[in-house]
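Letter by letter, the chains look like this.
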Amino acid sequence: MYNSALICLGANDADASEQIVNTSTFLESLGEVWKATPIYPSDAEYAGDSAPYLNRLVILKTYHDYEALLSATKQYESGVRARAHQRYVAIDIDIVEWNGAIMRPADAAARYFRKGLNLFNIK
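We now turn to the structure provided with this report. Please read these numbers as outputs of a predicted model, since none were measured by experiment.

The rules behind the values
Residues numbered from 1 in each chain as written. Predicted model: local features only at pLDDT ≥ 70, side-chain atom pairs only at ≥ 80, totals over all residues. Heavy atoms only, no water. Core = buried A, V, L, I, M, F, W, Y, C linked by side-chain atoms within 4.5 Å. Buried < 20%, exposed > 50% of the residue type's maximum accessible area, 1.4 Å probe, protein only. Helix = DSSP H or I, 4+ residues; strand = E, 2+ residues; numbered from the N terminus. Contact = heavy atoms within 4.5 Å. Expected span 1.5 Å × (residues − 1). Arc of directions from axis to C-beta.

**Re the nonpolar core**
A general trend in soluble globular proteins is that nonpolar side chains are found buried together.
Then step 1. If you look at the biggest cluster of nonpolar residues, it comprises 21 residues, and the most contacted ones within it are Ile7, Leu9, Leu27, Leu30, Leu69 and Ile95.
Then step 2. Elements supplying a minimum of two residues to this core: strand S1 (3-11), helix H1 (16-28), strand S4 (53-62), helix H2 (66-84) and strand S5 (92-98).
Then step 3. With 5 residues, H2 is the single largest residue contributor to this core.
Then step 4. In this structure, Ile7 is in contact with Leu27, Arg56, Leu57, Val58, Leu60, Leu69, Ile93, Asp94 and Ile95, ignoring residues within four places of it in sequence.
Then step 5. With 12 residues, the next largest nonpolar core counts Leu6, Cys8, Tyr40 and Ala108 among its residues.

So, in structure tokens, the structure goes:
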């Protein structure tokens, strides 16, 4: 049985768009990307005085369980950040919903996430 993950990607480094595309490709190795928003801009909502972000929401259908998917995404995220050596966020990967359950309430309520949902036409 497939699990469904609604994942929010964000980056605000100089190569943010490239990192989001690369991370989307990585997610394809973990399951089927069922739906993805275009890359869209947002303000740095929780990052204080920071550069604006680029974001993308991805709905991933996967056979992995939550802990395995979380581990894989955080390991990927850490690797990208370690190689980047940049001032801003090279990539942020958050599993906001898992099989319809909200896992990260602050992200689910954030403007950048709601903007992505509107791009899906999900309320």
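**Quick look at H1**
Then step 1. Given a rise of 1.5 Å per residue, 13 residues ought to cover 18 Å, and the 19 Å separating the end C-alpha atoms of H1 matches this to within 8%.
Then step 2. Taken residue by residue, H1 has Ala16, Gln19, Ile20, Thr23, Ser24, Phe26 and Leu27 as its buried positions. In an axial view of H1, the angular spread of the buried residues amounts to 155°, which keeps them on one side of the axis.

**Here's the deal with helix H4 (residues 111-120)**
Then step 1. Those residues of H4 not exposed but buried are Tyr112, Phe113, Gly116, Leu117 and Phe120. Here the buried residues of H4 occupy an arc of 140° about the axis, which is enough to place them on one side.
Then step 2. As for H4, its buried residues are in contact with S1, strand S2 (32-36), strand S3 (40-42), S4, S5 and helix H3 (105-109).
Then step 3. Following H4 by one or two positions, Asn121 has its phi on the positive side, about 65°.

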